[in-house]
Amino acid sequence: MPQYSTFQPKSYRPRMTPYWYLERWHYLRFMVRELSCVFVAYFAVVMLVQIWAISGGATRYAHFQTWMHNPRILILNAISFLVIAFHAVTWFALVPRVFVRHLLGSGIRDSAAMIPNYAAWFVASVIVAAFILRLF
Amino acid sequence: MTTAHSRSHRPLAWLLFGTGGFLVAFFFPIHILLSGLLQPLGVLPDPGQARLLALLRHPITRIYLGVLLVFAFWHAAYRLRDTICDALSLRQIDLVIVWICYAGAAVATVATVVLLVNVR
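It should be emphasised that the depicted structure is a prediction, and the values quoted were computed from it without experimental measurement.

Thoughts on the overall build of chain B
Logical step 1: A tally of regular secondary structure across chain B gives 5 helices and 0 strands.
Logical step 2: If you list the helices and strands of chain B from N to C, you get α-α-α-α-α.
Logical step 3: In terms of overall dimensions, chain B is more spread out than a globule: its C-alpha atoms have a radius of gyration of 18 Å, far above the 14 Å expected for 120 residues.
Logical step 4: Each of the three principal axes of chain B carries a C-alpha extent, and together these read 55 × 30 × 20 Å.
Logical step 5: Counting only residues that meet the buried cut, chain B has 33% of its 120 residues in that class.
Logical step 6: Expressed as a percentage of contacts within chain B between residues at least 6 apart in sequence, the contacts between residues at least 24 apart total 73%.

See below:
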């Protein structure tokens, strides 16, 4: 059987530049949320170092605290906080669309499903803060 | 017959990613706010090494930190793989990036467990 190839249709593959996420705000927002992983990894390592410093004695902990007072580290921590808080907000917005529909078989209003998330976030934060600040 | 779909690592990886995303969303902001910003800036007092060590010695604290950090590392690895592929258009070397990201998460998991088990 002869093979027809002169005008063989090819699959459509749109060309994307490496900076495609700068074209629209929605794309950029998606990329910022994706980039939160870098800051998650960074602060998870900071927490590991903090555990290592606490268990290593007063001198090692003092060095850790000096390092945390560095303005560059403070700026990095501030950016990490903002980006990870953005991750949290988008994660809480995702739950009503997926989890509630999966559990209940039908959707409820996004706000009604998000409010328990924010309440749980607040309670969890207060409990962690109370333990870290040794209020208990 | 084993299909390509059944061999996919994605369901297990997504479970780690999803659980990590949930834990990071709930608990990381308060840790960064306290340990990374408010205490270094002097807004809140530093409890001190001795009191934090007493808290760290409690088994529940170590389980909490272990679960939080291990899932956070796997969450970050999963998302970092897709971010590198999407942002830098490197999907053609996806397999290499998967191995680098997940190897990093595995090393971090071992480091977390070793560190928390050896708290004295």
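Alright, that's what it looks like, and here's the rest.
Things to note about the overall build of chain A
Logical step 1: When helices and strands are counted, chain A shows 4 helices and 0 strands.
Logical step 2: For chain A, whose C-alpha radius of gyration is 23 Å, the value lies well above the compact-globule estimate of 14 Å for 136 residues.
Logical step 3: In terms of principal-axis extent, the alpha carbons of chain A reach across some 80 × 40 × 30 Å.
Logical step 4: Within chain A, the fraction of its 136 residues that count as buried is 21%.
Logical step 5: Looking at chain A alone, contacts between residues at least 24 apart form 42% of all its contacts between residues at least 6 apart.

Digging into the nonpolar core
Logical step 1: The biggest cluster of nonpolar side chains holds 48 residues, and the ones touching the most others in it are Val40, Ala44 and Ile84 of chain A together with Ala72, Phe73 and Ala76 of chain B.
Logical step 2: Every element with two or more residues in this core is listed here: α1 (25–55), α2 (58–68), α3 (71–104) and α4 (110–132) of chain A together with α2 (10–38), α4 (59–87) and α5 (94–117) of chain B.
Logical step 3: Setting aside residues up to four positions removed in sequence, Phe73 of chain B forms contacts with Ala41 and Ala44 of chain A together with Ala105, Ala108 and Thr109 of chain B.

What to know about the packing of α1 of chain A against helix α3 (residues 49–57) of chain B
Logical step 1: Put simply, α1 of chain A and α3 of chain B touch, their axes get as near as 9 Å, and they point 110° apart. By the angle between their directions, the pair α1 of chain A and α3 of chain B is classed as roughly perpendicular. Touching Ile51, Ile54 and Ser55 of chain A of α1 of chain A are Gln49, Leu52, Leu53 and Leu56 of chain B, all from α3 of chain B.
Logical step 2: Here the contact of α1 of chain A with α3 of chain B is built from residues that sort into 5 nonpolar, 2 polar and no charged.

Re the environment of Ser55 of chain A
Logical step 1: Within the secondary structure, Ser55 of chain A is located in helix α1.
Logical step 2: Overall, Ser55 of chain A belongs to the partly exposed group, with 19 C-beta atoms counted inside 10 Å.
Logical step 3: In this structure, the C-alpha to C-alpha distance between Ser55 of chain A and Ala124 of chain A, residues 69 residues apart in sequence, is 25 Å.
Logical step 4: Apart from the residues lying within four places of it in its own chain, the contact partners of Ser55 of chain A are Leu53, Leu56, Val119 and Arg120 of chain B.

Regarding the interface of chain A and chain B
Logical step 1: The partner chain B presents 45 residues to the 46 residues of chain A that form the contact.
Logical step 2: Of all the secondary structure elements, the ones that give two or more residues to the side of chain A that touches chain B are α1, α2, α3 and α4 of chain A.
Logical step 3: Looking at the side of chain A that touches chain B element by element, the count peaks at 17 residues for α1 of chain A.

Some details on the packing of α4 of chain B against α5 of chain B
Residues and elements named next belong to chain B.
Logical step 1: It is the contact of α4 with α5, at a shortest axis distance of 9 Å, that shows an interaxial angle of 165°. Between α4 and α5, the angle falls in the class roughly antiparallel. Between α4 and α5 lies a crossing whose hand is right-handed. Between α4, through Arg62, Leu65, Gly66, Leu69, Val70, Phe73, Trp74, Ala77, Leu80, Arg81, Ile84 and Cys85, and α5, the contact on the second element is made entirely by Asp94, Ile97, Val98, Cys101, Tyr102, Gly104, Ala105, Ala108, Thr109, Thr112, Val113 and Leu116.
Logical step 2: Taken together, the residues of the contact of α4 with α5 sort by class into 17 nonpolar, 4 polar and 3 charged.

Things to note about α1 of chain A
Logical step 1: Over its 31 residues, α1 of chain A runs 45 Å from end to end, which matches the ideal 45 Å to within 8%, given 1.5 Å per residue.
Logical step 2: Just downstream of α1 of chain A, Gly57 of chain A is the residue with a positive phi angle, here 110°.

Notes on the environment of Leu74 of chain A
Logical step 1: Relative to the helices and strands, Leu74 of chain A is located in helix α3.
Logical step 2: What makes Leu74 of chain A partly exposed here is the crowd of 15 C-beta atoms within 10 Å.
Logical step 3: Spatially, the C-alpha atoms of Leu74 of chain A and Leu48 of chain A are 17 Å apart, while their sequence positions differ by 26 residues.
Logical step 4: Beyond its immediate stretch of four places on either side in the chain, Leu74 of chain A contacts Leu37 and Pro40 of chain B.

Cut-offs applied
- Residues numbered from 1 in each chain as written.
- Chains lettered and ligands numbered in written order.
- Predicted model: local features only at pLDDT ≥ 70, side-chain atom pairs only at ≥ 80, totals over all residues.
- Helix = DSSP H or I, 4+ residues; strand = E, 2+ residues; numbered from the N terminus.
- Rg over C-alpha atoms; globule rule 2.2 N^0.38 Å.
- Buried ≥ 20, exposed ≤ 12 C-beta atoms within 10 Å, placed from the backbone.
- Contact = placed C-beta atoms within 7 Å.
- Core = buried A, V, L, I, M, F, W, Y, C linked by C-beta atoms within 7 Å.
- Axes fitted to C-alpha atoms, helices over the stretch in contact; angles between N-to-C directions.
- Parallel < 35°, antiparallel > 145°, perpendicular 65-115°, else oblique.
- Nonpolar A, V, L, I, M, F, W, Y, C, P; charged D, E, K, R; others polar.
- Left-handed = near helix turned anticlockwise from the far one by under 90°.
- Expected span 1.5 Å × (residues − 1).

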